[in-house]
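Listed here are the chains, written in short residue letters.
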Amino acid sequence: MELLNQIKEQARKLNRTIVLPEGEEIRTLKATDIILKEGIAKIVLLGDPGKIAHEAEKCGAKIEGAEVINPKTSGKRDTYADMMVEIRKKKGLTREEALEMLNDPLVYGPMMIKAGDADGEIAGAINATGDVLRPAFQFVKTMPGVSVVSGAFMMFLKDKSFGHDGVLVFADCAVMPDPDAQQLAEIAVTTAKTANAIVGMDPKVAMLSFSTKGSAKHDLVYKVAQATKLAKSMAPELKIDGEMQLDAALVKEVGELKAPGSEVAGQANVLVFPGLEAGNIGYKLVQRLAGAEAVGPVLQGMAAPINDLSRGCSVSDIVNMVAITANQAQ
Ligand code: ACO
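Note that the structure is predicted; figures quoted are calculated from it, not measured.

**As for the nonpolar core**
In terms of nonpolar packing, the biggest core is built from 103 residues, with F170, A188, A206, V272 and V322 touching the most fellow members. Counting residues domain by domain, this core receives three or more from each of domain 1 (2-141 + 303-328) and domain 2 (150-293). Non-local contacts of V322, meaning those with residues more than four positions away in its chain, are made with I18, A31, I35, I40, A41 and I122.

So this is what it looks like as structure tokens:
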């Protein structure tokens, strides 16, 4: 795909350091081989060096160019533990607890980023989303002005007549189970930024609902209408409209009928779902039934790029996500 090639090319220029906490895992090792060969990023693998070397040899992955760190014996443990105690002092985190936590690569990785020893992280090939995200939330935290982290998917459709030359950006599909209006507004604004930064599109953001412009009356509808208002005031320059149904967002004739005069209806390229149930189910429907390629989730709103993989991910998914993460670390 042309866009993914551009993303990889840009990553090569940036030459970022990406930490992979699941360093003993075979798909991660195979991906490391490809990333190093293609010069997409510098890689740090976390885990037991003996185990990593053994697994790499077993699967034929050449990882000599990667830095390998054992979180249990690393010389940075004391520095990171001091930082952790400082960050979580209000929560009463002790030094002993911090040192214990650092044995976990999913904690060590975010601390490398916090200390400036890495630019981004990818994990989730063998760990649940919550376990990848929690340490990131606790130690890397959100970017200034943003209180909520969410997850976007870039959907590469077969039908190029939709979105930005067949690319749509969906959110939130991965993180926030039940956002309130303020959180939904933040998700809309950060997703528009992601769409522009990674896909290079002029974002046209549809705030999705089962109602278009008051056609239904329900608290769930009012929440989306309120979120639309808030997002407009947070980013007045943004093309954002809602609440609207999916057909009004995507189909020109329906958009003109249900939301006449809208600069988004019928031509949306960013779809913001009202909650995680709709977002997570929605992207999988498009992926499975329409045969779209789903790239993500790209986590947005974090102070540094940390991305979560699906446990069913392939080697090329990991390579692509490393390239995307490197681009986010600009
Ligand atoms: N953005 C920023 N910070 C957050 C967020 C968020 N979205 N959610 C929680 N936090 C922070 C909290 O403020 C808290 O910080 P603190 O300890 O400094 O006070 C910390 O993270 C832990 O908060 P909890 O409320 O205890 O969160 P918990 O760990 O229970 O849950 C989680 C967070 C794991 C992300 C939860 O919201 C979740 O499970 N979401 C669904 C993830 C998922 O399963 N997605 C579907 C699969 S992904 C896919 O299919 C691609």
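**So, the packing of helix α2 (residues 26-38) against helix α3 (residues 49-59)**
What describes two packed helices is the angle between their axes and the distance between those same axes. The N-to-C vectors of α2 and α3 enclose an angle of 75°; their axes lie 10 Å apart at closest approach. Looking at the two axes, α2 sits roughly perpendicular to α3. Every residue of α3 that contacts α2 at I26, L29 and K30 is listed here: E55, A56 and C59. A breakdown of the residues in the contact of α2 with α3 according to their chemical character gives four nonpolar, no polar and two charged.

**Structural notes on the pairing of strand β8 (residues 239-244)**
Every other side chain in a regular strand lies on the same face of the sheet, so the side chains alternate between the two faces. Counting buried positions along β8 yields five of six residues, so the element is predominantly enclosed. Where strand β7 (residues 204-208) lies against β8, five bridges are found, and the strand directions are parallel. Paired with L208 across the two strands is M244, which belongs to β8. For the segment spanning β7, helix α9 (residues 219-234) and β8, crossover handedness is right-handed.

**Thoughts on the site of the ligand**
If you check the shell around the ligand, you find 16 residues, and the closest are T129, G130, F137, V149 and A174. Among the residues forming the shell around the ligand, the class breakdown is nine nonpolar, six polar and one charged. Residues lining the shell around the ligand come from more than one domain, with at least three contributed by each of domain 1 (2-141 + 303-328) and domain 2 (150-293).

**Observations concerning the packing of helix α1 (residues 2-14) against helix α13 (residues 315-328)**
Two elements in contact, α1 and α13, have axes separated by 8 Å at closest approach and are oriented at 60°. In terms of axis orientation, α1 runs oblique to α13. Helix-helix and strand crossings are classified by hand; for α1 and α13 the assignment is left-handed. Facing L4, I7, K8, Q10, A11 and L14 of α1, the residues of α13 in contact are N320, A323, I324, A326 and N327.

**Digging into the pairing of strand β5 (residues 150-156)**
The element β5 is largely enclosed, with a buried count of seven among its seven residues. On β5, burial covers both faces: S150, A152, M154 and F156 on one face and G151, F153 and M155 on the other are all buried. Two strands pair when backbone bridges link them, and β5 and strand β10 (residues 293-300) are joined in this way by six bridges, in the antiparallel orientation. For M155, the partnering residue across the bridge sits in β10 and is A294. Across four bridges, the pairing between β5 and strand β6 (residues 167-171) is antiparallel. Each bridged residue has a counterpart across the sheet, and for M155 the counterpart in β6 is L168.

**Considering the UniProt feature "domain: Phosphate acetyl/butaryl transferase" (unreviewed entry) in the chain**
Within the UniProt annotation, "domain: Phosphate acetyl/butaryl transferase" (unreviewed entry) is assigned to residues 3-326. Secondary structure across residues 3-326 comprises 46% helix and 16% strand; the distance between its end C-alpha atoms is 15 Å.

Basis of the calculations
- Residues numbered from 1 in each chain as written.
- Predicted model: local features only at pLDDT ≥ 70, side-chain atom pairs only at ≥ 80, totals over all residues.
- Core = buried A, V, L, I, M, F, W, Y, C linked by C-beta atoms within 7 Å.
- Buried ≥ 20, exposed ≤ 12 C-beta atoms within 10 Å, placed from the backbone.
- Domains from an automatic or database assignment.
- Contact = placed C-beta atoms within 7 Å.
- Axes fitted to C-alpha atoms, helices over the stretch in contact; angles between N-to-C directions.
- Helix = DSSP H or I, 4+ residues; strand = E, 2+ residues; numbered from the N terminus.
- Parallel < 35°, antiparallel > 145°, perpendicular 65-115°, else oblique.
- Nonpolar A, V, L, I, M, F, W, Y, C, P; charged D, E, K, R; others polar.
- Pairing = 2+ DSSP bridges.
- Right-handed = clockwise from strand over helix to strand, strands pointing away.
- Near = placed C-beta within 6 Å.
- Left-handed = near helix turned anticlockwise from the far one by under 90°.
- UniProt positions renumbered as here; feature names shortened; annotations may be inferred.

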